[in-house]
Amino acid sequence: MKKYILCLLISIVLCACKKQEKKITTSLITEKAMVVSAREEASKIGSDIMKQGGNAFDAMLATDLALAVAYPYAGNLGGGGFMVYRLENGEIGSLDYREKAPLAATKDMYLDSLGNVIPNLSTRGAMAVGVPGTVAGTFAAHKRFGKLPITTIMKPVIALAKQGVVVTKNQELRIAEKQEDFKKTNKSDFLFTKEWKEKDSIKYPNLANTLTRIMKNGPEEFYKGETAKILAKHIQDNGGILTEEDLANYQPKWRKPVTFSYDDLNIISMSPPSSGGICLAQIMKMIEPYDLDKLGHNSDKAIQIITEAERRAYADRSFYLGDPDFVNVPQKQLISTTYLQERMQDFSFEKATKSADVSHGKVEIMESNETTHYSIVDPFGNAVSVTTTLNSGYGSKLYCSELGFFLNNEMDDFSSKPGIPNVYGLVGAEANSILPEKRMLSSMTPTIVEKNGKLYMVVGTPGGSTIITSVMQTILNVHEYKMNMQEAVDAPRFHHQWLPDVIMMEPNSFNKTTIQNLESKGYTINEKDAPVIGKVDAILVLDNGKLEGGADKRGDDAASGF
């Protein structure tokens, strides 16, 4: 009997331990405010700004600039981005501070005399650089909605640049991986051609000086001041075409976000020149009629439905989407229920549709893996969702030592030659061809979700072409599969983008029988080339009003709040 009681007690203890382990998947939960970003230093600076009485837009400026210091892989002064916001009173909007093509840009600038794409010209070096929008965008958001003085917001960021940022293992590996590109692109050694190891500390004195000038003189410093002169000269000295005039002409644009419903959710996402909102709407509205919750998370049938919707949305993306200031984007038709029902009419559970058989839909018309995202909710109830990028990791690999930052290679997000894939395998068409001062198409999908008229979720991710599908799966994980925020962010992800005609899956994360079932129906599965699909940073508003952060385990991402 004693032996039986002892065994029973051990079983109870083991069960209790297992239940305790389950709780670990819940990330930080706070009462009032939260920032989730790619680096702990940036999240903390943003959170601290709100502790001082700042709102989400003050925290946005602080977090964005802190990422430029702590996460130069994608955080930036030399890139651009998109912001979607929701105010406490329910007002929504978005800000486009995407990079633009320089005035001297031409449609065929990356083609040789035979009309072939010149390797690396749109991806590496000064010719790849679009006019940066980050400084203009973050300051525009602060000017319209911010509360705290610029000096209060920027001083901790400048201090971080001066004191240095500790190198993580992920950062060590990224710097090492890009060493050859750094040396090929830059005329002399610089901060990142040095070998850096985990736990080293990198100080950024020149970046601190640049930030100090911007703090004193405002965004005009970056676009018309000493910084602009240094930047334009550096790009031209390295063979680029961007000029002081290009910088002086740059303006961010306030845009109307894409909104759509999915069950009882209202989803607010980015409009063109981001393809994110329209593609997200198309995919989710195409899958809405199916009972995904009953089919099961990442079951073969659920994957089939989502893949086929993705295939059709990305085919449309390639043909119709571009900068709305230059092309007529048929947004209303593309996300209409009638059109999307027609798009899915030829879907069958019996076999895969071939991408070769799927072109863009018939509508009558009257983007990086290496991006970064952060989500913010403030104590007043305002929320911002921001995705910002240099495009590839460390952008063009061109570094301006005098100013202390990398330059983007966003020109690759244009269609250098319609029908030819870009660095992410995305195929573009005339709608996204290069023109002076045009903004290039993007996959960035900063998103805010409402439920019953209230703020419910703030979500986004890096990931190039996988951004849209990663955001979508995270929303589904919470809504359909009842995961908490951290579980939803950490769950294995898959991706399809029309061309190439493969389902990318995170390796060793999916049931082998599921994979076999999909392959038997004609799907090609690629686990080898998809080690990471997105790095989602999200916030969920719980039923009790508290905030739960989901900081992706795939990176150094972290949540901070109070």
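Everything here concerns the structure above.
Keep in mind it's a predicted model, so treat the numbers as computed, not measured.

Looking now at the overall build of the protein chain. Across its full length, the protein chain holds 19 helices and 21 strands. Over its C-alpha atoms the protein chain spans a radius of gyration of 23 Å, differing by no more than 12% from the 24 Å that the globule rule assigns to 562 residues. Based on the C-alpha atoms only, the size of the protein chain along its principal axes is roughly 80 × 55 × 45 Å. For the protein chain, the accessible area works out to roughly 21700 Å², and carbon and sulfur atoms hold 52% of it. Treating the 64 positive side-chain charges of the protein chain as one cloud and the 68 negative ones as another, the clouds have centres 4 Å apart.

Applying the stated criterion to the full structure yields 28 aromatic pairs. Geometrically, the ring pair formed by Tyr290 and Phe347 is edge-to-face, given 6.0 Å between the ring centres and 85° between the ring planes. Within this pair, whereas Tyr290 is found in the loop between α12 (276–287) and α13 (292–295), its partner Phe347 is found in the loop between α16 (337–343) and β10 (371–377), the two being separated by 57 residues in sequence. Phe347 gets classed as buried once you look at its relative accessible area, which sits at 11%. Taken together, the ring pairs connect Tyr71, Tyr73, Phe182, Phe190, Phe192, Tyr204, Tyr394, Tyr399 and Phe406 into an aromatic cluster. Just above the ring of Trp254 sits the side chain of Arg144; from NZ or CZ to the centre is 3.9 Å.

As a general point, the strands of a sheet are linked pairwise by backbone hydrogen bonds and lie either parallel or antiparallel. Strands sit in the order β1-β20-β19-β15-β14-β9-β8 across an open sheet of seven strands; the sheet is antiparallel. The sheet is open, and its two borders are formed by β1 (29–30) and β8 (258–262), each paired with just one other strand. Direction of pairing for strand β14 (residues 447–451) relative to strand β15 (residues 454–459): antiparallel, over a ladder of five bridges. Across the sheet, the residue bridging to Thr447 is Val459, located in β15. Each of β8, β9 (265–269) and β14 touches α12; the most contacted strand, β8, lies at about 15° to it. Across the sheet, helix α17 (residues 467–479) lies against β8, β9, β14, β15 and β19 (537–541), angled at about 135° from β15, the strand it touches most.

Definitions and cut-offs
- Residues numbered from 1 in each chain as written.
- Predicted model: local features only at pLDDT ≥ 70, side-chain atom pairs only at ≥ 80, totals over all residues.
- Heavy atoms only, no water.
- Helix = DSSP H or I, 4+ residues; strand = E, 2+ residues; numbered from the N terminus.
- Rg over C-alpha atoms; globule rule 2.2 N^0.38 Å.
- Areas by Shrake-Rupley, 256 points an atom, 1.4 Å probe, with all protein chains shown as cover.
- Lys, Arg positive; Asp, Glu negative; His and termini not counted.
- Charge placed at Lys NZ, Arg CZ, Asp CG, Glu CD.
- Phe/Tyr/Trp six-rings, centres within 6.5 Å; stacked < 30°, edge-to-face > 60°.
- Buried < 20%, exposed > 50% of the residue type's maximum accessible area, 1.4 Å probe, protein only.
- Lys NZ or Arg CZ within 6 Å of the ring centre and 35° of its normal.
- Pairing = 2+ DSSP bridges.
- Contact = heavy atoms within 4.5 Å.
- Axes fitted to C-alpha atoms, helices over the stretch in contact; angles between N-to-C directions.

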